[in-house]
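Survey of secondary and tertiary structure
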Amino acid sequence: MTVGNSEELAVTTAAHDTATAPPRPTSQPKGRPAGQRRARRRLGPGRPIRYGWAVGPLLLLALWSAGSAAGLIDARNLSAPWTVVTTAGGLIAEGRLQSHLATSAQRALLGLLFGVAAGLVLALIAGLSRIGEGVIDGPVQIKRAIPSLALIPLLILWFGIGESMKVITIALGVFVPVYIHTHNGLRTIDHRYVELAETVRLSRAGFLRHVVLPGALPGFLLGMRFAVTAAWLALVVVEQVNATSGIGYMMELARTYGQTDVIMVGLVVYGLLGLVSDGLVRLVERRALSWRRTLAG
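The present account deals with the structure reproduced in this document. (Residues numbered from 1 in each chain as written. Predicted model: local features only at pLDDT ≥ 70, side-chain atom pairs only at ≥ 80, totals over all residues. Heavy atoms only, no water.)

1. Overview of the overall build of the protein chain
To keep things clear, this is the line we draw: Numbering of helices and strands runs from the N terminus; a helix is a DSSP stretch of H or I covering at least four residues, while a strand is a stretch of E covering at least two. In what follows, a contact means two residues having at least one pair of non-hydrogen atoms within 4.5 Å. Every accessible area reported is derived by Shrake-Rupley at a probe size of 1.4 Å, with residue values counting cover from the shown protein chains alone.
For the protein chain, the helix and strand inventory stands at twelve helices and zero strands. Ordered by position in the sequence, the α and β elements of the protein chain form the string α-α-α-α-α-α-α-α-α-α-α-α. In the protein chain, 72% of the contacts between residues at least 6 apart in sequence involve partners at least 24 apart. Surface exposure of the protein chain reaches about 19,400 Å², of which carbon and sulfur atoms provide 65%.

2. A look at the pattern of salt bridges
Spelled out, the test is: Throughout this description, the term salt bridge denotes a Lys or Arg side-chain nitrogen within 4 Å of a carboxyl oxygen of Asp or Glu. Accessibility here uses a 1.4 Å probe with only protein chains present; expressed as a share of the type maximum, an area under 20% marks a residue as buried, one over 50% as exposed, and anything in between as partly exposed.
In total, this model carries nine salt bridges according to the counting rule given. Taking the shortest distance from any N to any O, the salt bridge between Glu-94 and Arg-96 comes out at 3.3 Å. By relative accessible area, Arg-96 is classed as partly exposed at 35%. Between Glu-239 and Arg-107 there is a salt bridge; the shortest N-O distance is 3.0 Å. A residue pair is termed long-range when its members are at least 10 positions apart, and Glu-239 in the loop between α10 (204-238) and α11 (247-256) and Arg-107 in helix α5 (residues 96-128) qualify at 132 residues. As far as burial versus exposure is concerned, Glu-239 and Arg-107 are alike and both buried. One salt-bridge network, in which partners are shared between bridges, spans Arg-107, Glu-163 and Glu-239.

3. Remarks on helix α6 (residues 130-145)
Our working rule: The span expected for a helix works out to 1.5 Å for each residue beyond the first. Think of a polar contact as two N or O atoms within 3.5 Å of one another; within protein, one of them needs to be a possible hydrogen donor and the other a possible acceptor, and neighboring residues in sequence only count if both atoms come from side chains.
In a regular helix each residue adds 1.5 Å, so 16 residues correspond to 22 Å; α6 covers 22 Å between its end C-alpha atoms and thus fits that length. Restricting attention to buried positions, one finds in α6 the residues Gly-132, Ile-136, Asp-137, Val-140 and Lys-143. Buried residues belonging to α6 abut α5 and α8 (163-187). Two or three places before Ile-131, at the start of α6, stands the capping residue Ser-129, its side-chain oxygen 3.4 Å from that residue's backbone nitrogen.

4. Examining the packing of aromatic side chains
Convention followed: Each aromatic pair joins two rings of Phe, Tyr and Trp (for Trp, the six-membered one) with centres within 6.5 Å, and gets the label stacked for planes under 30 degrees apart, edge-to-face for over 60, and tilted for any other angle.
Under the criterion given, the structure shown has one aromatic pair. Between Trp-158 and Phe-159 the ring centres are 6.4 Å apart and the planes differ by 80 degrees, which places this aromatic pair in the edge-to-face class. The exposure class assigned to Trp-158 is exposed, which follows from its relative accessible area of 59%. Given a relative accessible area of 40%, Phe-159 falls into the partly exposed group.

5. Some remarks on the side chain of Ser-68
For Ser-68, the location among the structural elements is in helix α3 (residues 55-69). Separated by 3.0 Å, the side chain of Ser-68 and the backbone oxygen of Trp-64 make a polar contact.

6. Describing the packing of α3 against helix α4 (residues 81-94)
The axes of two packed helices give the description: the angle between them and the distance between them. Using the following cut-off: The axes are straight lines fitted to the C-alpha atoms, using for helices just the contacting stretch, and the angles between their N-to-C directions are given from 0 to 180°. Roughly parallel here means an angle under 35 degrees, roughly antiparallel means over 145, roughly perpendicular means 65 to 115, and every remaining angle is called oblique. Polarity classes work like this: nonpolar for Ala, Val, Leu, Ile, Met, Phe, Trp, Tyr, Cys and Pro, charged for Asp, Glu, Lys and Arg, and polar for all others, with Gly in that last group.
Across the interface, α3 lies against α4 with an axial gap of 8 Å and an inter-helix angle of 105 degrees. As far as their axial angle goes, α4 and α3 are roughly perpendicular. Of the residues in α4, those in contact with Leu-61, Trp-64, Ser-65, Ser-68 and Ala-69 of α3 are Pro-81, Trp-82 and Val-84. Across the contact of α3 with α4, the residue classes break down as six nonpolar, two polar and no charged.

7. Here we look at a nonpolar patch on the surface
As a reminder, the rule being used: Residues with no salt bridge and a relative accessible area higher than 30% make up the patches, which join like charges within 9 Å and nonpolar side chains (Val, Leu, Ile, Met, Phe, Trp, Tyr) within 5 Å.
Taken together, the side chains of Leu-154, Leu-157, Trp-158 and Phe-159 define a hydrophobic patch exposed on the protein surface, amounting to about 480 Å² of accessible area. Mapped onto the secondary structure, Trp-158 falls in helix α7 (residues 152-159).

8. So, the packing of α4 against α5
Contact pair α4 / α5: the axes reach a minimum separation of 4 Å and the direction vectors enclose 85 degrees. It follows that α4 is roughly perpendicular to α5 by the angle criterion. Here Ala-88, Leu-91, Ile-92 and Glu-94 of α4 come into contact with α5, specifically with Arg-96, Leu-97 and Gln-98. In terms of residue class, the contact of α4 with α5 is made up of four nonpolar, one polar and two charged.

Okay, structure coming up:
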């Protein structure tokens, strides 16, 4: 075979291979193939839905309204939503709801303040000192196993039935989740950051500011979400123990007279307070931890 024939054969073969080869994509993103990129995108929960937090409560309200309108829910056992709204309007007009709400909010905020302060201080001591952990962690774990509401009889003997007992009960329910999650956040700080702080000779104050506080912040904010819920749960109970004001007292008085609609007003108020307070903590969490990329979006 001559050189000319060989060249003609090579050109013909190359043209045939080009014609029969599958077409190449015009644009290919860098990195992973397009199919894998789409599959990875589908694994996540998707983009955040604006006001998505309201979907569940609105659905519950719709089911409640539909059941009441269809007669499936006995009004003597569970008042209809429109009846609750009318009753709430009457209580607001009389000034009773605002007065009870102010008293309940004051108790909850005081208990939350003392409980968060105690939980944070104890977590810092136990998280930064082995001796502190040995002294503090065990009793806190024992308290964690004992419901705060079970301590009410003992607290009544110690502090009476006044405001002190109610605030202390709320604080005891609040400080445990704050301590647990903050302490866990401290213990899960990467040790390499500690070694880096020692290498650059950070002072104790600098170490607390640049390593400890940022490392413990995610755990602390998670504990705060549990803490605000625990505050309202404890408030419901303590306000029904020889109280003369508060949302819980209003509900207990309504139970005596069989006023289901007033009881429902109190439950709705408690639910809204819990939802709003949790939303505020989540808002602070998103702003303070905006540097994290998580499934929450």
